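Topology and contacts: notes
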Amino acid sequence: MSRRLTIISLLAALFCISCQEQQEHTAPAINPRDSVAMMISYGVNTLISDSGVIKYRIVTERWEVNQNRKPSRWIFDKGLFLEQFDQRFHVESYIQCDTAYYYDESRLWELRGRVHILTNDGLRFSSEQLYWDELRHELYSHVYSKLVTPEREIEGSYFRSDEKMTKYYISNSKGSFVKGDFDSSESDTVTTAKDSVAPQLRPAPMPQRRNTSIPIMH
C-alpha cells in the first residue's frame, strides 16, 4: 500500500513539473486590422449620385471597400467599366480599365492597365495609367498616352485635360495635326507646356449595389 502511494506521489510531482515548464505558443493574426475590407461585392452594376444627382454608373466583377486603410479606398481589381452622365442623365463618356482605385476622402480615381476613354464626340483616349480628380474636374497622366479625335491623332508622355476632355494639354507630343490646331479660337487646345495637378481632400458618398454582367467597350 505504501509503495502504491509512493508511485502516485511521484507521478503527481512529475505532472506538476511538466505543467510549470509548459509554455503558451501563439501565432500572429493572419490579416492585420488595417487590411480587412469592410465590404466586398461581386457582379456589381450600380448608379452613384452626388448631391442628389446621378453622375456615374459602375460595372465591375469585384468591388472592395476598405476604410481601414489610410487613405481609405475602393478597390476594383477585376476591371472597371464606368459611365459618366450629365445633369440630364445623358452619357458623356465611357471609361474602362483593368484595375482602379478610388480614394473617397480626396475623391481621386487612379486607373491602371489598358485605360480607355470614349466620349460622345468620338474622342478616344488610351494609356496605361490615368488620374481623375473629381474636385478639380481634371484628368492627367504622367506616362505615354494616345489621343484620337475625328480631326487629329496625338501621342505624348504627359497628358492633362478637363473632365469633359474638350481642352487638353500634351507634352513631348507627336502625331498628325490639321490647320488650326494651335489657334486659340479652337475649342480644343494642344500645347507642349508641362503642368502639375495637386488633389484636395473632401469626403465622398457611399454607393448602392446590384448585380449584372460587365459590358466590354471597343
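In the block above lies the structure referred to throughout.
Residues numbered from 1 in each chain as written. Predicted model: local features only at pLDDT ≥ 70, side-chain atom pairs only at ≥ 80, totals over all residues. Heavy atoms only, no water.

**Some points on unusual backbone geometry**
- Of note, the bond from K70 into P71 is cis; its omega dihedral lies within 30 degrees of zero at 0°.
- Secondary-structure assignment places P71 in the loop between β2 (53-66) and β3 (73-76).
- Although it is not a glycine, H137 sits at a positive phi angle of roughly 55°.
- By the secondary structure assignment, H137 is in the loop between β8 (124-133) and β9 (138-141).
- If you check the backbone angles, M165 has positive phi at about 60° while not being a glycine.
- Note on placement: M165 falls in the loop between β12 (158-162) and β13 (168-171).
- Accessibility expressed as a relative area gives 5% for M165, which makes it buried. (Helix = DSSP H or I, 4+ residues; strand = E, 2+ residues; numbered from the N terminus. Buried < 20%, exposed > 50% of the residue type's maximum accessible area, 1.4 Å probe, protein only.)

**Focus: the pairing of β12**
- Counting buried residues along β12, four of its five residues qualify, which places the element largely inside the surrounding structure.
- Linking β12 to β13, which pair antiparallel, is a turn of five residues; within it M165 sits at a positive phi near 60°. (Pairing = 2+ DSSP bridges.)

**With respect to the environment of H90**
- As for its placement among the helices and strands, H90 is situated in the loop between β4 (80-85) and β5 (91-97).
- Sequence separation between H90 and K55 is 35 residues, and the spatial gap between their C-alpha atoms is 9.6 Å.
- The contacts of H90, once residues within four sequence positions are left out, are Q84 and F85. (Contact = heavy atoms within 4.5 Å.)

**Section: the side chain of E155**
- If you trace the backbone, E155 turns up in strand β11 (residues 153-156).
- A distance of 2.9 Å separates polar atoms of two side chains, one belonging to E155 and the other to Y144. (Polar contact = N/O pair within 3.5 Å; in protein donor to acceptor, adjacent residues only side chain to side chain.)

**Some remarks on the pattern of salt bridges**
- Using the criterion set out here, one finds eight salt bridges in the structure.
- Measuring nitrogen to oxygen at the nearest pair gives 2.7 Å for the salt bridge that ties E83 to R57. Of the two residues, E83 sits in strand β4 while R57 sits in strand β2, which places them 26 residues apart along the sequence. Neither residue differs from the other here; E83 and R57 are each classed as buried.
- Close ionic contact of R62 with E64 constitutes a salt bridge, the shortest N to O distance being 3.3 Å. Here the two residues R62 and E64 agree in accessibility, since each one is buried. (Salt bridge = Lys/Arg side-chain N within 4 Å of Asp/Glu carboxyl O.)

**Considerations on the side chain of E92**
- Residue placement: E92 occurs in strand β5.
- With no salt bridge to any partner, buried E92 finds its closest opposite charge in K164, at an N-O distance of 4.2 Å.
- In contact with E92, other than residues within four places in its own chain, are Q84, F85, D86, T119, N120 and K164. (Lys, Arg positive; Asp, Glu negative; His and termini not counted.)

**Thoughts on the packing of aromatic side chains**
- Applying the stated criterion across every chain, the model contains eleven aromatic pairs.
- Relative to F76, the ring of W63 lies with its centre 5.4 Å away and its plane at 35°, an arrangement referred to as tilted. Of the two residues, W63 is situated in strand β2 and F76 in strand β3; the sequence distance between them amounts to 13 residues.
- Centroid distance W109 to W132: 6.2 Å. Interplanar angle 20°. Geometry classified as stacked. Linking W109 in strand β7 (residues 108-119) with W132 in strand β8, this pair joins segments that are 23 residues apart in sequence. For the residue pair W109 and W132, the accessibility class agrees, reading buried in each case. (Phe/Tyr/Trp six-rings, centres within 6.5 Å; stacked < 30°, edge-to-face > 60°.)

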